[in-house]
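Understanding the architecture of this molecule
In case you want the letters, here they are:
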Amino acid sequence: MFALILGLLFSACKKEPSTDAAKTNLVGVTVAGGNGKGAAANQLDDPTDVVVDNSGAIYISDVNNHRIQKWAPGASEGVTIVGGYDSPAKDSYILGAHNGIFLDASSNLYVAETGRNRIRKWALGVNPMSGVTVAGRPPFSGSGPMELNIPWAVFVDRSDNIYIADRLNHRIQKWTVGATSGTTVAGSTGQSGNDAKLLKDPFSVFVDVSNNIYIADRGNSRIQKWTPGASNGITVAGGAPQNFDCADIFVDASGNIYVADPTNHRIQKWAPGASSGTTVAGGNGVGSNANQLNSPTGVFVDAVGNIFVADRGNSRIQKWAQK
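Residues numbered from 1 in each chain as written. Predicted model: local features only at pLDDT ≥ 70, side-chain atom pairs only at ≥ 80, totals over all residues. Heavy atoms only, no water.

Some details on the overall build of the protein chain
Quick note on the threshold: Strands are runs of DSSP state E lasting at least 2 residues, helices are runs of H or I lasting at least 4, and numbering of each runs from the N terminus. Each residue gets one of three labels from its accessible area relative to the maximum for its type: buried under 20%, exposed over 50%, partly exposed in between, using a 1.4 Å probe on protein chains only. Areas reported as accessible are Shrake-Rupley estimates using a 1.4 Å probe. Residue values count occlusion only from the protein chains shown.
Summing up its helical and strand segments, the protein chain has zero helices and 24 strands in all. Residues classed as buried in the protein chain amount to 55% of the 323 residues present. Surface exposure of the protein chain reaches about 12000 Å², of which carbon and sulfur atoms provide 49%.

So, the sheet that holds strand 16 (residues 222–226)
Across a sheet, strands are paired by hydrogen bonds formed along the backbone, either parallel or antiparallel in direction. What counts here: Two strands pair under a simple rule: DSSP has to find at least two bridges between them. A fitted line through C-alpha atoms represents every axis, and for helices the fit uses only the stretch in contact; the resulting angles, taken between N-to-C directions, go from 0 to 180 degrees.
Spatial ordering of the open sheet is given by 14-15-16-17, a layout of four strands whose pairing is antiparallel. The sheet terminates laterally at strand 14 (202–207) and strand 17 (234–238), the two strands that pair on one side only. Between one strand and the next, the sheet's axes are offset by a mean angle of 25°, whatever the strand orientation. For strand 16 and strand 17, the ladder comprises four bridges, and the chain directions are antiparallel. Residue pairing in the sheet places Ile-223 in a bridge with Ala-237 of strand 17.

Re the packing of aromatic side chains
So the rule is basically this: Pairs were defined over the aromatic rings of Phe, Tyr and Trp, the Trp ring being its six-membered one, requiring ring centres within 6.5 Å. Orientation was assigned from the angle between planes: stacked under 30 degrees, edge-to-face over 60, tilted for the rest. Both a distance and an angle decide whether a charge sits over a ring: NZ of Lys or CZ of Arg must be within 6 Å of the ring centre and within 35 degrees of the ring normal.
Summed over the entire model, instances satisfying the criterion amount to nine aromatic pairs. With centroids separated by 6.3 Å and ring planes inclined at 80°, the aromatic side chains of Phe-102 and Tyr-110 adopt a geometry described as edge-to-face. Aromatic rings pair up to connect Phe-102, Tyr-110, Phe-155, Phe-206, Tyr-214, Phe-250, Tyr-258 and Phe-300 into one cluster. Note that Arg-167 overlies the ring of Trp-152, its terminal NZ or CZ placed 4.7 Å from the centroid.

Here we look at the nonpolar core
Here is the rule we go by: We call a set of buried Ala, Val, Leu, Ile, Met, Phe, Trp, Tyr and Cys residues a nonpolar core when their side-chain atoms join them within 4.5 Å. Residues count as neighbours in contact if any of their non-hydrogen atoms are within 4.5 Å of one another.
Leu-109, Ile-267 and Ile-307 are the most contacted members of the largest nonpolar core, which has 36 residues in total. Considering each element in turn, this core owes the most residues, four residues, to strand 23 (residues 307–311). Beyond its immediate stretch of four places on either side in the chain, Ile-267 contacts Val-259, Ala-260, Thr-278, Thr-279, Val-280, Ala-281, Leu-293, Pro-296, Val-299, Ile-307 and Val-309.

Examining the confidence of the model for the protein chain
Quick note on the threshold: A residue's pLDDT is the confidence the predictor assigns to it, expressed on a 0 to 100 scale.
Per-residue pLDDT for the protein chain has a mean of 90; in total, 88% of the residues score no lower than 70. Confidence drops under a pLDDT of 50 for residues 1–13, and excluding neighbours within four residues, the segment shows 60 contacts in the predicted structure. A low-confidence stretch, residues 16–22 (pLDDT under 50), is modelled with 43 contacts involving residues beyond four sequence positions or located in other chains.

Brief notes about the pairing of strand 3 (residues 58–62)
With respect to burial, strand 3 is a largely interior element, five of its five residues being buried. In strand 3, alternate side chains face the same way, and those of Ile-58, Ile-60 and Asp-62 on one face and Tyr-59 and Ser-61 on the other are all buried. Two elements, strand 2 (residues 47–52) and strand 3, share five bridges in a ladder whose sense is antiparallel. Its bridge partner lying in strand 3, Val-51 is registered against Tyr-59. From the end of strand 2 to the start of strand 3, which pair antiparallel, there are five residues, and Gly-56 there has a positive phi angle of about 95°. In terms of strand pairing, strand 3 meets strand 4 (residues 67–71) through five bridges, oriented antiparallel. Across the sheet, residue Ile-60 finds its bridge partner in strand 4, namely Gln-69.

Examining the pattern of salt bridges
For the record, the criterion: By convention in these notes, a salt bridge is any Lys or Arg side-chain nitrogen within 4 Å of a carboxyl oxygen on Asp or Glu.
Inspection of every chain in the model, using the stated rule, returns twelve salt bridges. Arg-67 serves as the salt-bridge partner of Asp-62, at 2.6 Å between the closest nitrogen and oxygen. Arg-67 carries the same exposure label as Asp-62, and that label is buried. In this structure, Arg-316 and Asp-311 form a salt bridge, with 2.6 Å as the shortest nitrogen-oxygen distance. In this pair, the class of Arg-316 matches that of Asp-311, namely buried. Counted as one network, the salt bridges with shared partners bring together Glu-113, Arg-116, Arg-118 and Arg-120.

Section: the side chain of Gln-43
Selection rule: The definition of a polar contact used here is a pair of N or O atoms within 3.5 Å, where within protein one atom must be able to donate a hydrogen and the other to accept one, and adjacent residues in sequence count solely through side-chain atom pairs.
Inspection of the secondary structure assignment puts Gln-43 in the loop between strand 1 (29–33) and strand 2. Overall, Gln-43 belongs to the buried group, its relative accessible area being 15%. Here the side chain of Gln-43 touches Asn-35 through a polar contact of 3.0 Å, landing on its backbone oxygen. Ignoring sequence-local partners within four residues, the contact set of Gln-43 consists of Asn-35, Gly-36, Lys-37, Gly-38, Asp-62, Arg-67 and Trp-71.

Some points on the environment of Asp-160
By the secondary structure assignment, Asp-160 is in the loop between strand 10 (151–156) and strand 11 (162–166). Take Asp-160: its relative accessible area is 39%, and that puts it in the partly exposed class. For Asp-160 and Gly-178, which are 18 residues apart along the polypeptide, the C-alpha to C-alpha distance reads 9.7 Å. Sequence-distant contacts of Asp-160, that is, excluding residues within four places in its chain, are made with Trp-175 and Val-177.

Structure, rendered in structure tokens:
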């Protein structure tokens, strides 16, 4: 994933940059879930991604419950806004296997519906019962310009262009507004590798206001930055010989990169040009204590620099406040 970048027209969206922040507290606070795995209103089951809007409401990709949950600020339970086991039996509403989510300022929710090889959009402020496919050709997987193959994450820029981490095609696809096919803007379709022009299992994508594309190139344990029109990326975090994993990324207004590192149970912050990262959440071994995380897969930073973490293994969302 987000004042946010000045001049943005959609400052309430997933992965919109925040201001640079100081140090985090040493412990996190549970702001959603944390009551064991389950499908009750106060529970989550393997949450993979998290978004926070300008009002402080938290949106959660609750994967094993096939739903998107919304938790109001300070709430003790969430409300299902998309999907869920009790959804009406129609394709426009029910969620299959899904991962990344994105929320824009108009309350449009985008979901990377991984299992059906598509990106769907719900106009939550209009009709949350109706999800529309905006990228992909479900249920088919493939490597053509109309197709996706296990899309893992989605990002929408201020012009409503959709960027997709098309994981098993090892590429980032861009779908312009109303398009019926996508264009590869990073990576090479169907080719994985570790040189500058290739990606391997991209898990997340973030686009800044200068249209630089940041990619969690998880198979290569690095974050790649592709400038507009570039045919090669440059490594801006991770890479050999770092002890580094990257399941999700968020870039703030100062260019700091926040990385969800599930293998090391931590969130790392990489300053621009840094050769190593600083742990700003977790990093105290795997566990469920307030100073620990368990395989975090999503990270979001709000307008004042608070870090929200999809603490997947603990089925909770943790907030690590800034001092």
